[in-house]
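# Chains, contacts and geometry: an overview
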Amino acid sequence: MSLIPKKGNVYVVDDDEAVRDSLQWLLEGKDYRVKCFDSAESFLARYDPREVACLIADIRMDGMTGLELQDRLIERKSPLPIVFITGHGDVPMAVQTMKKGAMDFIEKPFKEEELLALVERMLDQAREAFSSHQEAASRDALLARLTTREAQVLERIVAGRLNKQIADDLGISIKTVEAHRANIMEKLNANTVADLLKIALGATAKA
């Protein structure tokens, strides 16, 4: 057994067993962790959005098509990068998938090097998206610790309001604003106003 960590998770969804087997052999030979599914439905039932992964899917399948699978993932707000395998006559359909956010499509018969390069690009994107998601979740957890009043004070700090202006806005004393400000800094683990702004503005940018 190899002691080298796997490069990443690759989902393969294709109703052609020969295609699944050849992709699994190719990708596992390059040390990717591969999970194969014979239908879009079986993939959706077992897909774990917490995994850093990418998806290779046939555009034409019995039952749910690759296009419909992409629509379902969009509905779930899944960041999963996708590349579609297409036949010669499916290029217009593949272009449609790219307009909806697919990373690329690859025509049969495809070159191994081309597919492997696409998988690496997709996993790079998946790692970036996962990291951003984790950061956003961490920010949300911190901000959820604030009281309604503290959130109002933070909103005004971010807008550049001075303590006296915040006090006037909210009908409270400057000392109370200062107390809220200290509580906010502590709850958000912020040592400086710059730290505070990074947390608050990061959440605003995500929203």
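Residues numbered from 1 in each chain as written. Predicted model: local features only at pLDDT ≥ 70, side-chain atom pairs only at ≥ 80, totals over all residues. Heavy atoms only, no water.

In the annotation of an unreviewed UniProt entry, the protein chain is listed under the name FixJ family two-component response regulator and assigned to Pelomonas aquatica.

If the charged atoms of two oppositely charged side chains come close together, the side chains can form a pair. On inspection of all chains with the given rule, the structure shows 11 salt bridges. The salt bridge involving K108 is made with D58; its shortest N-O contact spans 3.7 Å. Of the two residues, K108 is situated in the loop between β5 (104-107) and α5 (112-143) and D58 in strand β3 (residues 53-58); the sequence distance between them amounts to 50 residues. Classification of D58 by relative accessible area gives buried; the value is 5%. Notably, a salt bridge pairs K187 with E150, separated by 2.8 Å at the nearest N-O pair. Residue K187 is located in helix α8 (residues 174-187), and its partner E150 is located in helix α6 (residues 148-158); the two are separated by 37 residues in the primary sequence. A cluster of three or more residues bridged by salt bridges with shared partners is formed by E120, D124 and R127. (Salt bridge = Lys/Arg side-chain N within 4 Å of Asp/Glu carboxyl O. Helix = DSSP H or I, 4+ residues; strand = E, 2+ residues; numbered from the N terminus. Buried < 20%, exposed > 50% of the residue type's maximum accessible area, 1.4 Å probe, protein only.)

For the protein chain, per-residue confidence averages 87 on the pLDDT scale, and 94% of positions sit at 70 or higher. Segment residues 1-5 is flagged for pLDDT under 50; beyond a separation of four residues in sequence, or across chains, it makes two contacts in the model. (pLDDT = per-residue confidence, 0-100. Contact = heavy atoms within 4.5 Å.)

What follows deals with the packing of aromatic side chains. Evaluation of the coordinates by the stated rule reveals five aromatic pairs. Ring centres of Y11 and F43 lie 5.0 Å apart, and the angle between their planes is 70°; on these two criteria the pair is classed as edge-to-face. Of the two residues, Y11 is situated in strand β1 (residues 9-13) and F43 in helix α2 (residues 40-46); the sequence distance between them amounts to 32 residues. Residue F43 is classed as buried on the basis of its relative accessible area of 0%. Consider the rings of Y11 and Y47, whose centres lie 5.7 Å apart with planes at 85°: the pair is edge-to-face. Of this pair, Y11 sits in strand β1 while Y47 sits in the loop between α2 and β3, and the two are 36 residues apart along the sequence. Assessed through its relative accessible area of 1%, Y11 is described here as buried. Since its relative accessible area comes to 9%, Y47 is described here as buried. (Phe/Tyr/Trp six-rings, centres within 6.5 Å; stacked < 30°, edge-to-face > 60°.)

Further remarks concern the environment of L146. Its place among the elements puts L146 in the loop between α5 and α6. Residue classification places L146 among the buried residues on the basis of a relative accessible area of 12%. Distance from L146 to W25, taken between C-alpha atoms, is 51 Å for residues 121 residues apart in sequence. Excluding residues that lie within four positions of it along the chain, L146 makes contacts with A151, L154, I184, K187 and L188.

All right, on to the packing of helix α7 (residues 163-170) against α8 then. Relative orientation of the contacting elements α7 and α8 amounts to 105°, with a least axis distance of 8 Å. As far as their axial angle goes, α8 and α7 are roughly perpendicular. Where α7 abuts α8, its residues N163, K164, I166 and A167 lie against I174, V177, E178 and R181. Of the residues that constitute the contact of α7 with α8, the class distribution is four nonpolar, one polar and three charged. (Axes fitted to C-alpha atoms, helices over the stretch in contact; angles between N-to-C directions. Parallel < 35°, antiparallel > 145°, perpendicular 65-115°, else oblique. Nonpolar A, V, L, I, M, F, W, Y, C, P; charged D, E, K, R; others polar.)

So, about the sheet that holds β3. Read across the open sheet, the five strands follow the order β2-β1-β3-β4-β5; overall the sheet is parallel. Only two strands of the sheet have a single partner each, and these edge strands are β2 (33-37) and β5. Strand-to-strand twist in this sheet, taken as the mean axis angle between neighbours without regard to direction, amounts to 20°. In terms of strand pairing, β1 meets β2 through five bridges, oriented parallel. Residue pairing in the sheet places V13 in a bridge with F37 of β2. Along the sheet face, helix α3 (residues 66-75) touches β1, β3 and β4 (82-86) and points at about 170° away from the line of β4. Across the sheet, α5 touches β1, β3, β4 and β5, and the angle it forms with β3 is around 135°. (Pairing = 2+ DSSP bridges.)

In this structure, the amide linkage connecting K108 to the following residue, P109, adopts the cis form with an omega of -15°. In this structure, D31 is a non-glycine residue whose phi angle is positive, near 75°. Looking at the secondary structure, you find D31 in the loop between α1 (17-29) and β2. Using a relative accessible area of 16% as the deciding quantity, one classes D31 as buried. The phi angle at N189 is positive, at roughly 55°, despite the residue not being glycine. Structurally, the position occupied by N189 is in the loop between α8 and α9 (193-206).

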